[in-house]
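One-letter residues, chain by chain:
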Amino acid sequence: MYVVVCNGCMLRDFITDVLQPSRVITAVRRQQNMPLHDRIIPYLETAGLYHLARLNSQWFWVDESLLSAFIERWRPETHTFHMPFGECTITLQDVAYQLGLPIDGAPVSGCLTEFENLMEHGRPAWVWFRELFGELPPQSKVKQMTVCYTWFHERFRVLPADATDETVRVYARAYILMLFADKNANRVHLRWLPYLVSLDDLGRYSWGSAALAWLYRCLCRGTNRNVVNLAGPLHLLQSWIFWRFPTLRPTGFDRFGFPLASRWAEFVPRNDAGAQRLVSARLALDRLRVHDFVWEPYSSADVAAVIHPEILADEHRWLWTAVTSLIYFATIEWHQVDRVLPQFGGVQHLPDVALNIDWLHAKDGRGGDRWFPTYYQEWHQLWENRHQSVIWVDRVLDPGPSADYLEWWCRVAHRFLSPDVAFQDPRPIVLTEEARHRGSSQAPPRVHVYDRPDNRRVDRRRRIGTRTTDREWREFADRLEQDVPGAEAGDPVDYRVPRRRGRRPPARPDRRGGPDGGPSEQGGRHWSRGR
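Please read all numbers here as calculations on a predicted model, not as lab measurements.

Attention now goes to the overall build of the chain. Check the secondary structure of the chain and you find 21 helices and 12 strands. Within the chain, contacts between residues at least 6 apart in sequence are counted, and of these 78% link residues at least 24 apart.

Structure below.
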């Protein structure tokens with residue numbers, strides 16, 4: 001980082017226009033809005049998705065400015081939020097309490113569309129669709145390998161009173177499929193068809209790890225400053241914030257049930273002055289101290305009174321502290337709980353170097369369908385050996401970061417994002433007496449995993465959220481040292497760093513000379529294999 005010395009006006013303009021952009025990310029919202037029929041509930045309970053279905057039956061509003069401020073502090077390298085007092089993140093424990101999803105089980109993986117070629121006993125996608133749902137959607141409701149969300153809503157919303165058991169199973173499949181809308185929240189992908197063949201086997205999957213993997217990937221994408229829309233289980237992210245940060249929690253929501261995310265079902269944030277509220281949220285995070293974060297919010301008696309016991313089963317709870325892979329089809333992320341041990345009642349030690357998985361971040365399932373358990377065999381094997389990657393946490397009465405960790409954190413971390421002029425009081429001192437009394441902590445032993453860097457991104461851009469690269473600092477310093485051509489004395493000068501805007505290439509014509517097709521009445525597959 002280069003130190004730039006210039007007059008206050010120029011630096012303020014640079015901070016406002018370059019370092020502190022008011023980028024409020026728009027959240028994709030969706031409401032299931034389908035009644036939970038009594039005859040469908042047993043299938044949801046068997047699948048381990050009943051609590052998630054209850055959440056999706058309500059409309060959740062999210063505070064987009066608050067979430068944008070947190071995304072600025074998300075680091076894809078560590079899958080943690082970098083706060084002034086240290087690191088924190090959403091873990092499998094949070095998924096279990098907030099969403100009520102099972103943690104232990106088989107990974108949610110497979111292939112995307114070529115079931116007949118990549119799966120044993122697989123069928124062509126649209127043939128399988130008609131067998132499972134009894135009919136095909138009209139071509140106007142189909143786009144490549146997705147079906148419009150509204151078609152399921154219109155066709156399967158009301159279960160007939162005299163429905164047979166097979167009809168109930170068809171409606172249960174439709175309800176479960178609607179739980180997994182795509183990132184635009186308006187279409188459902190056919191990748192889920194193999195899971196719907198046997199509803200009785202859905203309970204053997206780790207839905208919790210899949211949900212966390214997808215949230216991690218969406219947060220990593222959100223760090224790209226060009227991203228303006230964010231998908232994923234954002235109600236999980238917002239509920240995690242409200243439970244962990246009492247100073248950011250809205251008032252009037254003292255009563256709660258299970259799953260814990262339902263506590264905020266009636267929360268309605270302000271929808272005006274988003275940029276100003278983002279600046280306020282950013283400053284609020286900059287002023288946080290270690291006592292403003294609740295390390296163990298689920299240890300209270302009130303929470304224990306409403307928790308359903310199935311999520312506390314040993315096979316699920318044991319994996320909360322597993323340092324392992326998280327799998328959701330082509331999305332592979334890393335559960336780095338060794339960096340947030342105070343969230344499990346321990347003392348945070350100096351962390352090991354973060355695992356480099358840039359190669360995995362570059363994969364999203366496009367570029368040809370694959371059988372992901374084979375293509376990502378190493379990472380699936382890590383999940384299969386998940387019980388061997390569980391780390392032991394030595395619980396203490398006063399969990400938190402050690403003194404060594406805080407000294408290291410204050411030295412190397414980018415703790416504050418707001419400009420200095422925004423602070424009316426001195427920056428908070430992190431190294432407290434409590435941290436000194438905790439002493440030091442040793443890193444627990446864990447399974448060694450090799451880095452997987454993306455060789456095509458050796459010079460991977462480092463601009464994350466509101467941060468900038470050294471190149472931008474150098475350009476800004478060079479512009480301060482030279483006169484701006486054509487400027488008269490006293491004229492306002494734009495010292496913002498210029499950016500190149502890429503042009504979208506012209507659309508390629510359809511190779512078949514016509515619009516995309518859809519499922520035929522003969523059950524043939526869609527000719528396009530786009531995702």
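Structure shown, so let's carry the discussion forward.
This part takes up the sheet that holds strand β5 (residues 142–143). Strands sit in the order β5-β6-β7 across an open sheet of three strands; the sheet is antiparallel. The open sheet terminates on both sides in strands that have one partner only, identified here as β5 and β7 (187–189). Contacts from helix α8 (residues 149–156) reach β6 (146–148) and β7 within the one sheet, and its direction differs from that of β6 by about 55°.

The full count for this structure, using the stated rule, is 51 aromatic pairs. Taking 5.4 Å as the distance between ring centres and 45° as the angle between the ring planes, the aromatic pair formed by W74 and Y216 counts as tilted. On the criterion of sequence distance, the pair formed by W74 in strand β2 (residues 74–75) and Y216 in helix α11 (residues 207–222) is long-range, its members being 142 residues apart. For W74, a relative accessible area of 0% puts it in the buried group. Over the ring of F156 we find R155, and its NZ or CZ is 4.9 Å from the ring centre. The residue whose ring lies beneath R370 is Y375, and the NZ or CZ to ring-centre distance is 4.3 Å.

This part covers the side chain of S262. Along the polypeptide, S262 turns up in the loop between α12 (234–244) and α13 (274–286). Looking at S262, its side chain comes within polar contact range of the main-chain oxygen of P259, at 2.6 Å. Once residues lying within four places of it in the same chain are set aside, the contact partners of S262 are L55, Q58, F60 and G257.

Ordered in space as β2-β3-β4, the three strands form an open sheet in which the pairing is antiparallel. This sheet does not close on itself; its edge strands, each paired only once, are β2 and β4 (86–88). Relative to strand β3 (residues 80–83), β2 runs antiparallel, the two being bridged by two bridges. The partner of R75 across the bridge, within β3, is T80.

For the rest of this paragraph, the subject is unusual backbone geometry. Here the bond from F258 into P259 is cis, since omega is 0°, no more than 30 degrees from zero. Within the element layout of this structure, P259 appears in the loop between α12 and α13. We note that Q144 has phi near 55°; this positive angle belongs to a residue other than glycine. Relative to the helices and strands, Q144 is located in the loop between β5 and β6. Even without glycine at this site, F329 takes up a positive phi of about 55°.

For the rest of this paragraph, the subject is the nonpolar core. Core analysis: the biggest nonpolar cluster contains 139 residues, and F133, F152 and F245 have the highest contact counts within it. Looking at this core element by element, the count peaks at 11 residues for α11. When neighbours within four sequence positions are excluded, F245 is seen to be in contact with F70, M83, F85, C88, W240, L288, D292 and F293.

This part covers the pattern of salt bridges. All chains considered together, the criterion is met by 14 salt bridges. For R339, the salt bridge identified is with E87, shortest N-O distance 3.0 Å. Taken together, the positions of R339 in the loop between β10 (331–334) and β11 (347–348) and E87 in strand β4 put the pair 252 residues apart, joining distant regions of the chain. With a relative accessible area of 3%, E87 lands in the buried category. The partner of R395 in a salt bridge is E296, with the nearest N and O atoms 2.7 Å apart. Here the residue R395 occupies a position in the loop between α18 (377–384) and β12 (400–401), and E296 occupies one in the loop between α13 and α14 (301–306), the gap between them amounting to 99 residues. The exposed category is assigned to R395, whose relative accessible area is 52%. The exposure class of E296 is partly exposed, given its relative accessible area of 23%.

On to the confidence of the model for the chain. The predicted coordinates ought not to be read in detail in places where the model reports low pLDDT. On average, residues of the chain score 81 in pLDDT, and 74% of them are at 70 or above. Confidence scores differ between elements of the chain, with helix α1 (residues 8–19) showing the lowest mean pLDDT of 38 and helix α5 (residues 92–99) the highest of 98. Within the model, the stretch residues 458–469 combines pLDDT values under 50 with 33 contacts to residues more than four positions away or in other chains. When the criterion is pLDDT under 50, residues 521–531 qualifies, and its contacts beyond four places in sequence or with other chains add up to 39 contacts.

As a further point, take the environment of V142. As for its position among the elements, V142 is in strand β5. For V142, a relative accessible area of 9% gives the class buried. In this structure the C-alpha to C-alpha distance between V142 and V188, which are 46 residues apart in sequence, comes to 9.7 Å.

Rules used in this analysis
Residues numbered from 1 in each chain as written. Predicted model: local features only at pLDDT ≥ 70, side-chain atom pairs only at ≥ 80, totals over all residues. Heavy atoms only, no water. Helix = DSSP H or I, 4+ residues; strand = E, 2+ residues; numbered from the N terminus. Contact = heavy atoms within 4.5 Å. Pairing = 2+ DSSP bridges. Axes fitted to C-alpha atoms, helices over the stretch in contact; angles between N-to-C directions. Phe/Tyr/Trp six-rings, centres within 6.5 Å; stacked < 30°, edge-to-face > 60°. Buried < 20%, exposed > 50% of the residue type's maximum accessible area, 1.4 Å probe, protein only. Lys NZ or Arg CZ within 6 Å of the ring centre and 35° of its normal. Polar contact = N/O pair within 3.5 Å; in protein donor to acceptor, adjacent residues only side chain to side chain. Core = buried A, V, L, I, M, F, W, Y, C linked by side-chain atoms within 4.5 Å. Salt bridge = Lys/Arg side-chain N within 4 Å of Asp/Glu carboxyl O. pLDDT = per-residue confidence, 0-100.

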